[in-house]
Amino acid sequence: MNTSRINNIIDALSKHEDAQEAIRVLNEVGTNSPIDEIRERTVQALIRKNTHDALKIALIEKGKGIHDLSTRVAMSAINEVLALEDKSEAIKILEDTMNLHSDETVRDTARSVRALVEFSK
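The written sequence of each chain sets the order in which its residues are numbered from 1. A pLDDT threshold of at least 70 governs which residues receive local features in this predicted model, and a stricter bar of 80 or more applies before side-chain atom pairs are shown or counted, although totals over entire chains, interfaces and linings include all residues. In computing side-chain values, all of the structure's heavy atoms are included and hydrogens and water are not.

As for the overall build of the chain
Right, so step 1: By definition, any uninterrupted DSSP run of H or I lasting at least four residues is a helix, any uninterrupted run of E lasting at least two residues is a strand, and each is numbered from the N terminus. Each helix and strand counted, the chain has 7 helices and 0 strands in total.
Right, so step 2: The linear arrangement of helices and strands in the chain, starting from the amino end, is α-α-α-α-α-α-α.
Right, so step 3: The quantity called the radius of gyration is restricted to C-alpha atoms. Its globule counterpart is 2.2 Å times the number of residues to the power 0.38. Taking 121 residues into account, the globule formula puts the C-alpha radius of gyration at 14 Å, and the chain, at 13 Å, falls close to it.
Right, so step 4: Relative accessible area decides the class of each residue, using a 1.4 Å probe on protein chains only: under 20% of the type maximum gives buried, over 50% gives exposed, and in between gives partly exposed. Looking at the 121 residues of the chain, the share that counts as buried comes to 45%.
Right, so step 5: The contact criterion used is simple: two residues touch if any of their non-hydrogen atoms lie within 4.5 Å. A fraction of 58% describes how many contacts in the chain between residues 6 or more apart in sequence connect residues 24 or more apart.
Right, so step 6: As presented, the chain carries roughly 6,800 Å² of accessible surface, and 51% of it is formed by carbon and sulfur atoms.
Right, so step 7: Averaging the positions of the 17 positive and the 21 negative side-chain charges in the chain gives two centres separated by 1 Å. To be clear on the numbers: accessible area is Shrake-Rupley with a 1.4 Å probe, and residue cover counts the displayed protein chains and nothing else. Only four residue types enter the charge count, namely Lys and Arg as positive and Asp and Glu as negative; His and the chain termini do not. To locate a charge, take NZ of a lysine, CZ of an arginine, CG of an aspartate or CD of a glutamate.

Below you can see the structure in the form of structure tokens.
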């Protein structure tokens, strides 16, 4: 499948009227792809949705979004968070992650991104 077609599918899912199902598909297929570019586009779409369920995937789940092992994907996710017009839900999720997540690495990354969000205001 070519990149343009994959991008079109990700864009369509990000605009799909059944948000829960679209987020589920983006999470299961897009964020688990072995291809960095697909994971990057997927996390961008999730963050742009700016809903609790979409942001949870990008900001909490280990190995996805800001916690992706690819620097390109993680930085892209961080930049999308910084670009959000309304960061209130992202901030709440980051703060909850900092305080409640069981994995120290995930907590530390959330703390760092939260600091970047604060400095970007």
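Here's the deal with helix H7 (residues 104–120)
Right, so step 1: A helix is expected to span 1.5 Å for every residue after the first. The end-to-end C-alpha distance of H7 is 24 Å, a good match for the 24 Å that 17 residues give at a rise of 1.5 Å each.
Right, so step 2: Regarding H7, the residues found buried are Val106, Ala110, Val113, Arg114 and Val117. Taken down its axis, H7 places every buried residue within 105° of arc, on the same side. Exposed residues pointing more than 90 degrees away from the buried face of H7 are listed as Glu104, Thr105 and Phe119.
Right, so step 3: Looking at the buried side of H7, the elements it contacts are helix H4 (52–60), helix H5 (71–83) and helix H6 (88–100).
Right, so step 4: Whenever two N or O atoms come within 3.5 Å, that pair is a polar contact, provided that in protein one can donate a hydrogen and the other can accept it, and provided that, for residues adjacent in sequence, both atoms are side-chain atoms. The residue sitting at the N-terminus of H7 and contributing the capping side-chain oxygen is Asp103; that oxygen lies 2.8 Å from the backbone nitrogen of Thr105. The arc in question is the one traced by the directions running from the helix axis out to the C-beta atoms.

Comments concerning the environment of Ala22
Right, so step 1: Tracing the chain through its elements places Ala22 in helix H2 (residues 19–30).
Right, so step 2: Linking Ala22 and Ala54, residues 32 residues apart in sequence, is a C-alpha distance of 9.6 Å.
Right, so step 3: Apart from the residues lying within four places of it in its own chain, the contact partners of Ala22 are Leu13 and His16.

Some points on the environment of Thr97
Right, so step 1: By secondary structure assignment, the location of Thr97 is in helix H6.
Right, so step 2: Setting aside anything within four residues of it in sequence, one finds Thr97 in contact with Leu59, Ile60, Val106, Arg107 and Ala110.

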